[in-house]
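For reference, the chains in residue letters:
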Amino acid sequence: MNPIYVSRRRNNVIVKYLCLGAALFGVTWLALILFTLFFNGLAGINFAVFTQDTPPPGSTDGGLRNAIIGSIIMTMIGVGIGAPLGLFAGTYLAEYGKHDKLTSVIRFINDILLSAPSIIIGLFIYGAIVVPMGGFSAFAGCLALAVIVIPVVVRTTEDMLGLVPNPLREAASALGMPRSLVIRRIAYRAARAGLITGVLLATARVAGETAPLLFTALSNQFFSLDLTKTMANLPVTINNFVQSPYAYWKQLAWAGALLITLTVLALNIGARILGAERISK
Amino acid sequence: MAVESDVMEAAGPYDRARALGAFKFGDVTFYWITRACAISVLLILGGIILSLIIGAWPAIREYGAAFLWTQRWAPSADPPVLGALGPVYGTLVTSVIAMMIAIPVGLGIAVFLTEICPLWLRRPIGLAIELLAGIPSIIYGMWGFFVLGPFLANNFQPFMISVFDGVPVLGTIFAGPPSYLSLFNASLILAIMVLPFITAISVDVFKTVPPVLKEAAYGVGCTTWEVVRNVVIPYTRVGVIGGIMLALGRALGETMAVTFIIGNSFKIQSSIFAPGTTISAAIASEFAESDGLHQSGLILLGLLLFVLTFFVLAAARLMLMRLEQKAGN
């Protein structure tokens, strides 16, 4: 056989196996992480995790009730502030300022904020909210999360509104609908699944965020619903428990980690199902 | 019909004016609300930069540019001596090692997914990788702390140290003693974390190659590897580099995945198995208990990190935009 042909085939086979190896290598690590997480997390989950508050040092009972509730509250308020803002901003980019100079600047800055280190957001809120207000508070944590939510929602909103076919808008305008109604009644409705997808993805993103909460909401050993004080939350509780010397705390940390991961995965899968619905239409 | 139109005309002018007025008011209000929200995105960026500069100002005035090349970090000395060299070094080293591991593997997986893998396997593997990109970084950090650190310290590190013992340069890079907390452990965790990003972006970018180009290459008898090397990679080079820079931006700023496992030591050591620190790890572990000049120094570190990632991310976005334009034409 032609030697050039042989060497080309050999190279091809080598590269194919290297790529297969890379895929196996990557998938193995990720499978290992999930396996340890489920193995240790399931061992740590019991009824008390949901009904009791975080234990004092050395104690061997207690749960994560205050942290779970705190996380839910802070995530909801963060998304509640960030999502509408992002939605309107994305609307402007997609509907009003499509060909503006301003729009391209905003889009560029938004893309950078989208991947900016989250600990920087924490420093920002610390300087802008925590210092002027004179102390750590759950509200500052909510705002930090909102700042992370905004760019995600802006991006998806703009993309999703961009997918709404123009003839729909033109038909509505031809019937005499003013611009804002065309957007709210026609474009939003046509893109609804996509817009919800964006909000879900943003929720998934902030549900496990730890760094921006470390010095905004801090954490709290006790149950608290007061937004002006520190509030317990899962990520920071996990952060504190992992580095503790107590076996029971580490077990709780694994249980909390599993809860967060399951929530994030569920939100992501939900977003994906909604997204698929949009495509099949 | 006639009656109806009479009624409408009678009620017409007044209602019509009112409705038009309401429409107009709603229209203008909605426009300005969306515009204000869009501009608030710029205000957030401005706010971040401004608050970092204000917070860092005392440290900038105290240390000036020497902050960048001072290695000593002694916040409790009187007066405190602070230098960014250790964390900056740690940030760059961990990111570079992480990218050295993650780029070949990530691109390999992307090639596997787009060219080699049987069709029925593509969706599940692609989906798994995208879902893994969404797992919070603290989970990676925990896993590194409890599982990967001990494993590396007991198995991988002693092996590497004995292999390279006595070899000129490599001997000092892979020097003992093995440690649970080290720059290398942090790098490996970072690599595992950015892997899904690189793969997901590369797969997206590889999909922008027009099928006609690939079919033509296969048609003249190219092997899969030749198609990838001579058609796919050249066509998507800008986009792949953009994706890699995006992943680098994440690696540079990643906090929770490395904080547990890096050791938080500000001393620069030649061995990558020695403890170190990164900018974000230093901020995460010291900020809550800091005050005065120490806190200002940490904010200055944050400002450095923000400037660094800003340029990396801006470059990444510009490159990805160039590819999008190409795909659009």
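Residues numbered from 1 in each chain as written. Chains lettered and ligands numbered in written order. Predicted model: local features only at pLDDT ≥ 70, side-chain atom pairs only at ≥ 80, totals over all residues. Heavy atoms only, no water.

Labelled according to an unreviewed UniProt entry, chain B appears under the name Phosphate transport system permease protein, originating from Bradyrhizobium retamae. What UniProt records for chain B under Function (unreviewed entry) is the sentence "Part of the binding-protein-dependent transport system for phosphate; probably responsible for the translocation of the substrate across the membrane." The UniProt entry for chain B carries the following comment under Sequence similarities (unreviewed entry): "Belongs to the binding-protein-dependent transport system permease family. CysTW subfamily." (UniProt positions renumbered as here; feature names shortened; annotations may be inferred.)

Taking an unreviewed UniProt entry as the reference, chain A is identified by name as Phosphate transport system permease protein PstA belonging to Bradyrhizobium retamae.

Participant: What exactly am I supposed to notice about the interface of chain B and chain A here?
Facilitator: Think of interface size as the accessible area that goes away when the parts come together; that is how it is often given. Each partner contributes to the interface: chain B provides 73 residues, whereas chain A provides 77 residues. Here chain B packs against chain A, burying approximately 7000 Å² in sum over the two surfaces, 82% of which is carbon and sulfur. Summed over the three residues of chain B that lose the most area to chain A, namely F30, W143 and R317 of chain B, the buried surface amounts to 10% of that side. At the junction of chain B with chain A, the criterion picks out two salt bridges. Between E130 of chain B and R272 of chain A there is a salt bridge, and its shortest N-O distance comes to 2.7 Å. (Contact = heavy atoms within 4.5 Å. Buried area = accessible area lost by both parts, 1.4 Å probe. Salt bridge = Lys/Arg side-chain N within 4 Å of Asp/Glu carboxyl O.)

Participant: Looking at this structure, I do not really get the pattern of salt bridges. What am I missing?
Facilitator: Where charged atoms from two side chains of opposite charge come close, those side chains can pair. Residue and element names in this part refer to chain A. Enumeration over the complete set of coordinates arrives at 10 salt bridges over all chains. Residues R107 and E158 are paired through a salt bridge, measuring 2.8 Å at the closest nitrogen-oxygen approach. Remark: E158 occurs in helix α6 (residues 138–163) and R107 occurs in helix α4 (residues 101–114); sequence separation between them is 51 residues. On the basis of relative accessible area, R107 is assigned to the partly exposed category, the value being 30%. A salt bridge links R155 to D159, with the shortest nitrogen-to-oxygen separation between them at 3.7 Å. Taken together, the residues R155 and D159, both in helix α6 and four residues apart, mark about one turn of the helix. Relative accessible area serves as the criterion here: at 37%, D159 is assigned to the partly exposed category. (Helix = DSSP H or I, 4+ residues; strand = E, 2+ residues; numbered from the N terminus. Buried < 20%, exposed > 50% of the residue type's maximum accessible area, 1.4 Å probe, protein only.)

Participant: When you look at the UniProt feature "domain: ABC transmembrane type-1" (unreviewed entry) in chain B in this model, what are you seeing that I'm missing?
Facilitator: In this structure's numbering, the residues bearing the UniProt feature "domain: ABC transmembrane type-1" (unreviewed entry) are residues 88–316 of chain B. Taken end to end, residues 88–316 of chain B comprises 77% helix and 0% strand; its first and last C-alpha atoms sit 21 Å apart.

Participant: For this particular structure, what's the right way to read the nonpolar core?
Facilitator: When a protein is soluble and globular, its nonpolar side chains tend to lie buried together. Ranked by size, the top nonpolar core spans 183 residues in total, and within it I48 and Y140 of chain B carry the most contacts. Considering every element that reaches this core, the biggest residue donor is helix α6 (residues 183–206) of chain B, with 17 residues. Excluding residues that lie within four positions of it along the chain, I48 of chain B makes contacts with L113, I120, I121 and F124 of chain A together with F306 of chain B. (Core = buried A, V, L, I, M, F, W, Y, C linked by side-chain atoms within 4.5 Å.)

Participant: Help me understand the packing of aromatic side chains, please; the structure alone is not making it clear to me.
Facilitator: The geometry of an aromatic ring pair comes down to the distance between the two centres and the angle between the two planes. Within this structure, the stated rule accounts for 24 aromatic pairs over all chains. Between the aromatic rings of Y63 of chain B and F67 of chain B, the centroid separation amounts to 6.1 Å while the plane-to-plane angle is 35°, which identifies the pairing as tilted. The exposure classification of Y63 of chain B matches that of F67 of chain B, with both residues buried. Put simply, the rings of F156, F164, F174, F184 and F273 of chain B touch in pairs and so form one group of aromatic residues. Cation over ring: R65 of chain A sits above F223 of chain A, and NZ or CZ is 4.5 Å from the ring centre. Taking the ring centre of F30 of chain B as reference, the NZ or CZ of R184 of chain A above it sits at 5.1 Å. (Phe/Tyr/Trp six-rings, centres within 6.5 Å; stacked < 30°, edge-to-face > 60°. Lys NZ or Arg CZ within 6 Å of the ring centre and 35° of its normal.)

Participant: I keep staring at the domain arrangement of chain B and nothing clicks. Help me out?
Facilitator: Residue and element names in this part refer to chain B. One can read the domain layout of chain B as domain 1 (17–64) and domain 2 (68–326). Here domain 1 and domain 2 have C-alpha centroids that lie 33 Å from each other. Taken residue by residue, the interface counts 13 residues in domain 1 and 12 residues in domain 2. Interface area for domain 1 against domain 2, summed over the two sides, is near 1000 Å², with a carbon-plus-sulfur share of 78%. Together, L52, A59 and Y63 form the three largest contributors to the area buried by domain 1 at its contact with domain 2, with a combined 46%. Seen at the junction of domain 1 and domain 2, the total is zero salt bridges. In this assembly, domain 1 and domain 2 are joined by four residue pairs in polar contact (both at pLDDT 80 or more). (Domains from an automatic or database assignment. Polar contact = N/O pair within 3.5 Å; in protein donor to acceptor, adjacent residues only side chain to side chain.)

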